[in-house]
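# Understanding the architecture of this molecule
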Amino acid sequence: MADVVVGKEKCGEQRLVSLPLSRIRVIMKSSPEVSSINQEALVLTAKATELFVQYLATYSYRHGSGKEKKALTYSDLSDTAEESETFQFLADILPKKILASKYLKTLKEKREEEEEEENDNDEESDGDGAES
Amino acid sequence: MAERPEDLNLPNAVITRIIKEALPDGVSISKEARSAISRAASVFVLYATSCANNFAMKGKRKTLNASDVLSAMEEMEFQRFVTPLKEALEAYRREQKGKKEASEQKKKDKDKKTDSEEQDKGRDEDNDEDEERLEEEEQNEEEEVDN
């Protein structure tokens, strides 16, 4: 597909928009209820996406801890998704990362809690359960 | 039509360039961060489309138009995008108008020429056909209804 980067875009939008319109269109069309998209709507969506990328990058950089190192890292982005209301819709695809050891510990604690609850329930019920 | 996963992604090179241009000089971006932003951008398109579509449906229209997209931005709390988008829309409309007028002018010139110069016909026709095809494609996109 000759739609990568700037250049051979249909209708000369290369000056207004760098993202390939054909690709944007594919993504938009994958939305179930959408039947057709007018050309202006396509151009605006592409432009809006560019603005979004700029905004997400700069916001995350300014608020993130990578700033001291002059770097933008994944955790800057996931922090943004968690902390900013505007970017909340990204929370599921930009989850926070935790160490495997921490995760396993949390899992273990959870399991222990559940076992305790089950034990309590058993004690409360009438002596139908086999206890020998 | 089944889309392969990579078709729903935006090209890395373009995404990277947009990020680099937005951030201060000398800031590095990890590969993970770049890929995360790219995914976020795809999700943004989906979210914006769905939102815009709601506005279209409210207006009992089947085709998403520019105002639906603008309304979606406000709804999604990206009001800051509205002004630059409106400017881009104006620029796009002017460009389209310019092109249309240029190709109409060319046709007029061509008609005059064909009467007198049969030789140049071949060369000019190629250019005109490209522009006509572009215009037709634009019109087709507005009119098409997919299932």
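Provided above is the structure to which this section pertains.
Computed from a predicted model, the values in this text were never measured in an experiment.

Rules of the game
Residues numbered from 1 in each chain as written. Chains lettered and ligands numbered in written order. Predicted model: local features only at pLDDT ≥ 70, side-chain atom pairs only at ≥ 80, totals over all residues. Heavy atoms only, no water. Helix = DSSP H or I, 4+ residues; strand = E, 2+ residues; numbered from the N terminus. Buried < 20%, exposed > 50% of the residue type's maximum accessible area, 1.4 Å probe, protein only. Contact = heavy atoms within 4.5 Å. Areas by Shrake-Rupley, 256 points an atom, 1.4 Å probe, with all protein chains shown as cover. Patch = residues over 30% accessible without salt bridge, like charges linked within 9 Å, V, L, I, M, F, W, Y side chains within 5 Å. Salt bridge = Lys/Arg side-chain N within 4 Å of Asp/Glu carboxyl O. Lys, Arg positive; Asp, Glu negative; His and termini not counted. Charge placed at Lys NZ, Arg CZ, Asp CG, Glu CD. Buried area = accessible area lost by both parts, 1.4 Å probe. Polar contact = N/O pair within 3.5 Å; in protein donor to acceptor, adjacent residues only side chain to side chain. Nonpolar A, V, L, I, M, F, W, Y, C, P; charged D, E, K, R; others polar. Pairing = 2+ DSSP bridges. Axes fitted to C-alpha atoms, helices over the stretch in contact; angles between N-to-C directions. Parallel < 35°, antiparallel > 145°, perpendicular 65-115°, else oblique. Left-handed = near helix turned anticlockwise from the far one by under 90°.

## Things to note about the overall build of chain B
Helix and strand counts for chain B stand at five helices and two strands. When its helices and strands are written in sequence order, chain B yields α-β-α-β-α-α-α. Relative to its full complement of 147 residues, chain B shows a buried share of 33%. For chain B, the proportion of contacts with a sequence separation of at least 24, taken over those separated by at least 6, is 38%. By element, 46% of the accessible surface of chain B is carried by carbon and sulfur atoms, the whole surface being about 9300 Å².

## A word on the environment of Arg 34 of chain B
Residue and element names in this part refer to chain B. Tracing the backbone through its elements, the reader meets Arg 34 in helix H2 (residues 31-58). The partly exposed category is assigned to Arg 34, whose relative accessible area is 25%. Sequence separation between Arg 34 and Thr 63 is 29 residues, and the spatial gap between their C-alpha atoms is 33 Å. The residues contacting Arg 34, other than those within four sequence positions of it, are Ile 15, Thr 16, Ile 19 and Ile 29.

## Some points on a negative patch on the surface
Residue and element names in this part refer to chain A. On the surface, Glu 109, Glu 112, Glu 113, Glu 114, Glu 115, Glu 116, Glu 117, Glu 118, Asp 120, Asp 122 and Glu 123 cluster together into a patch of negative charge. Among the structural elements, Glu 114 can be located in helix H4 (residues 100-124). The class of Glu 114 is partly exposed, set by a relative accessible area of 44%.

## Brief notes about a nonpolar patch on the surface
Together, Ile 98, Tyr 103, Leu 104 and Leu 107 of chain A make up an exposed nonpolar region whose accessible area comes to about 390 Å². With respect to the secondary-structure elements, Ile 98 of chain A resides in the loop between helix H3 (74-83) and H4.

## Some details on the interface of chain A and chain B
Taken together, the contact between chain A and chain B spans 59 residues of the former and 67 residues of the latter. Of the roughly 5900 Å² buried between chain A and chain B on both sides combined, carbon and sulfur atoms contribute 69%. With its nearest N and O atoms 2.3 Å apart, the salt bridge here joins Lys 97 of chain A to Glu 32 of chain B. The tally of links between chain A and chain B comes to 14 residue pairs in polar contact (both at pLDDT 80 or more). Of all the secondary-structure elements, those providing two or more residues to the side of chain A that touches chain B are helix H1 (21-29), strand E1 (36-37), helix H2 (39-63), strand E2 (71-72) and H3 of chain A. Ranked by the residues each element gives to the side of chain A that touches chain B, the list is headed by H2 of chain A, at 19 residues. Residue classes in the side of chain A that touches chain B are distributed as 33 nonpolar, 14 polar and 12 charged. One ladder, built from two bridges, connects E1 of chain A with strand E2 (residues 63-64) of chain B; its direction is parallel.

## Some thoughts on the packing of H2 of chain A against helix H1 (residues 12-22) of chain B
The N-to-C vectors of H2 of chain A and H1 of chain B enclose an angle of 55 degrees; their axes lie 9 Å apart at closest approach. Considering their axes alone, H2 of chain A and H1 of chain B lie oblique with respect to each other. You can see that H2 of chain A and H1 of chain B cross each other, and the crossing is right-handed. Residues Glu 50, Val 53, Gln 54, Ala 57 and Thr 58 of chain A of H2 of chain A lie in contact with H1 of chain B, whose contacting residues are Ile 15, Ile 18, Ile 19 and Ala 22 of chain B. Taken together, the residues that form the contact of H2 of chain A with H1 of chain B break down as six nonpolar, two polar and one charged.

## Examining the pattern of salt bridges
For the structure on display, the rule yields six salt bridges over all chains. Between Lys 96 of chain A and Asp 79 of chain A there is a salt bridge; the shortest N-O distance is 2.7 Å. Here Lys 96 of chain A is found in the loop between H3 and H4, whereas its partner Asp 79 of chain A is found in helix H3, with 17 residues between them in sequence. In this structure, Glu 90 of chain B engages Arg 93 of chain B in a salt bridge whose closest nitrogen and oxygen atoms are separated by 3.9 Å. Separated by three residues within a single helix, Glu 90 of chain B and Arg 93 of chain B lie in helix H4 (residues 82-116), roughly one turn from each other. Residue classification places Glu 90 of chain B among the partly exposed positions, given a relative accessible area of 42%. The class of Arg 93 of chain B is partly exposed, set by a relative accessible area of 37%. One connected set of salt bridges, linked through shared partners, spans Glu 40 of chain A together with Glu 90 and Arg 93 of chain B.

## A short note on H1 of chain B
Buried within H1 of chain B we find Val 14, Ile 15, Thr 16, Ile 18 and Ile 19 of chain B. In this fold, the buried residues of H1 of chain B make contact with H2 of chain A together with strand E1 (28-29) and H2 of chain B.

## Quick look at the environment of Glu 21 of chain B
Residue and element names in this part refer to chain B. Tracing the chain through its elements places Glu 21 in helix H1. For Glu 21, a relative accessible area of 59% corresponds to the exposed category. A sequence separation of 39 residues divides Glu 21 from Lys 60, and the C-alpha atoms of the two residues are 40 Å apart.

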